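# Descriptive analysis of the structure
Okay, here's what each chain looks like letter by letter:
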Amino acid sequence: MGARLTGYASTGGLHPQEAKGLRIASSLLLDEEAPPKGEVVRTLNAKGFRTSRGSEWRTNVLMRTLLHPGMAGLDDDGNPIEGHEESVLTVDERNQLVAKYGPPADNEKEGAAPRPAYDYLLTNGLSGCGVCSCGMVGARVTGDGDPSYRCPPPRDGHASCGRIRMTADRLETAVGEQVVAELLRPGVREQLAQLQQDIKDEVSRLRLHVESAAKRFAELGDLYGRGLLVKAAFLAAQQATKQDLKESRVRLRLLEQVDGLDLGGVTDVVAWWNSAPQLSRRALVGLVAEVVYVLPSGHGPHDPHERINIVWRTAS
Ligand SMILES: [Zn+2]
């Protein structure tokens, strides 16, 4: 077993204190007038931030940690890890770090040269398979293939069909066009304030739910300890509670991004969409849409719009 990746708790989710230190380091390093790496390390150590082993930071350890794909919830191939909870850095932040501090791209003999990862617009529950309704995941067919969305292959406890796939470019462009068109419909922008309030309410509910998970685990342990649950039932309930917690954290993370979206003063939605960072676009899709279903491809010429079915949110 390797050491735990700094920034993440061994029980899943973030290690808040460590993640905070890494985020501070990342924003210092990405600043236009970034201090030297050694100074960033001294700042972290002076503020009391430590590695997962409890050691003081050293420059090479810090850079290796920050450039690790896991910092942005990615696997070694740069694909998003399915069901990953909140990540320490965004894909965009890690890409900027790789571009600025990563080994040169032609240094491929090393084998570990991190390359920019694709920042998927519609993962973490924003897109679903039109056949089996499972969440779509981002993946490249091959290492240098086009980024695409796919229904994950079935595995234990996960009855997905694994049959639907669409390239990210086609899907995201079509979704962007429909989202912008939706916002241009009369009356829709007036509803956004209510949608944002609905999101705020859901964020509050989810936060409470996530915070009370420890209590639910303790209650299960108590029932088991008093002999009121047989072991198999206890383990099954514990597993279900873990899965629920994980899904709740992923959804909470997405909705927090939606909640942070500020569209005040945006007059030209098309221009906004074309220049907004992926994080803000994702938030806008999450604000107006419950989910984007990706349908099987028909025959003949393919219009990407025929392959998507957006379930729009309705204000409460
Ligand atoms: Zn499917």
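None of the values given here were measured: they were computed from a predicted structure.

Once that is clear, we can look at the sheet that holds strand β1 (residues 127–129). Sheet architecture is open: three strands sit in the order β1-β5-β6, paired in mixed fashion. For this open sheet the edge positions go to β1 and β6 (308–312), each flanked by a neighbour on one side alone. Across the sheet, the axes of successive neighbouring strands diverge by a mean angle of 25°, strand direction being ignored. In terms of strand pairing, strand β5 (residues 289–294) meets β6 through five bridges, oriented antiparallel. Paired with A289 across the two strands is W312, which belongs to β6. Contacting β5 and β6, helix α5 (residues 168–184) crosses the sheet at an angle of about 40° to β6.

Our next topic: the confidence of the model for the protein chain. For the protein chain, the average pLDDT comes to 88, and 94% of its residues sit at 70 or higher. Low confidence marks residues 106–110, where pLDDT is under 50. Its contacts with residues over four positions away, or in another chain, come to three contacts.

For β1 and β5, the ladder comprises three bridges, and the chain directions are parallel. Directly across from G128, in β5, lies its bridge partner Y293.

Once that is clear, we can look at the sheet that holds strand β3 (residues 147–150). Backbone-to-backbone hydrogen bonds join strands into a sheet, with any given pair of strands oriented parallel or antiparallel. Judged by pairing direction, the sheet is antiparallel, and its three strands sit side by side in the order β2-β3-β4 without closing on themselves. Either end of the sheet is taken by a strand with one partner, and the two such strands are β2 (137–140) and β4 (165–167). Pairs of neighbouring strands in the sheet enclose a mean axial angle of 35°, with direction left out of account. Of the pairings in the sheet, the one linking β3 to β4 comprises three bridges and is antiparallel in character.

Let us now look at the packing of helix α7 (residues 213–225) against helix α8 (residues 231–259). The N-to-C vectors of α7 and α8 enclose an angle of 180°; their axes lie 10 Å apart at closest approach. Viewed along their axes, α7 and α8 adopt a mutual orientation that is roughly antiparallel. Here A213, R216, F217, L220 and Y224 of α7 come into contact with α8, specifically with F234, A237, Q238, T241 and L245.

Among the structural elements, S127 can be located in strand β1. The class for S127 is buried, based on 29 C-beta atoms found within 10 Å. Other than its neighbours up to four places away in sequence, S127 contacts L122, M136, Y149, V291, V292 and V294.

The next subject is the nonpolar core. Judged by nonpolar contacts, the single largest core of 51 residues is most densely connected at L122, L171, V175 and V294. Dropping the residues within four chain positions of it, V294 is found in contact with S127, C129, G130, M136, Y149, I164, M166, L171, R307 and I308.

Okay, the packing of helix α1 (residues 16–30) against helix α4 (residues 91–101) next. Contact geometry of α1 with α4 gives a least axis separation of 10 Å together with a crossing angle of 50°. Between α1 and α4, the crossing angle belongs to the class labelled oblique. You can see that α1 and α4 cross each other, and the crossing is left-handed. Listed contacts from α4 to S26, L29 and L30 of α1 are E93, Q96, L97, K100 and Y101. Tallied by class, the residues present in the contact of α1 with α4 amount to four nonpolar, two polar and two charged.

Reading the values: rules and limits
Every chain is numbered independently, its residues counted from 1 as its sequence is written. In keeping with the predicted nature of the model, local features appear solely for residues at pLDDT of at least 70, side-chain atom pairs appear and are counted solely at 80 or more, and the whole-chain, interface and lining totals rest on all residues. For two strands to count as paired, DSSP must find a minimum of two bridges between them. In DSSP terms, a helix is any run of H or I states spanning at least four residues, a strand is any run of E spanning at least two, and both are numbered starting from the N terminus. Axis definition: a line fit to C-alpha positions, over the contact stretch in the case of helices; interaxial angles, taken between N-to-C directions, run 0 to 180 degrees. Note that contacts rest on C-beta atoms placed from the backbone: two residues are in contact if these are within 7 Å. The predictor reports its confidence for every residue as pLDDT, a score running from 0 up to 100. Here the word oblique covers every angle except those under 35 degrees (roughly parallel), over 145 (roughly antiparallel) and from 65 to 115 (roughly perpendicular). For every residue, the other C-beta atoms within 10 Å of its own C-beta are counted; 20 or more classify it as buried, 12 or fewer as exposed, and values in between as partly exposed. C-beta atoms are placed from the backbone. Structurally, a nonpolar core is described as a collection of buried Ala, Val, Leu, Ile, Met, Phe, Trp, Tyr and Cys residues joined by way of C-beta atoms within 7 Å. For a crossing to be left-handed, the near helix must be turned anticlockwise from the far one by less than a right angle; the clockwise case is right-handed. Residues are grouped as follows: Ala, Val, Leu, Ile, Met, Phe, Trp, Tyr, Cys and Pro are nonpolar; Asp, Glu, Lys and Arg are charged; all remaining types, including Gly, are polar.

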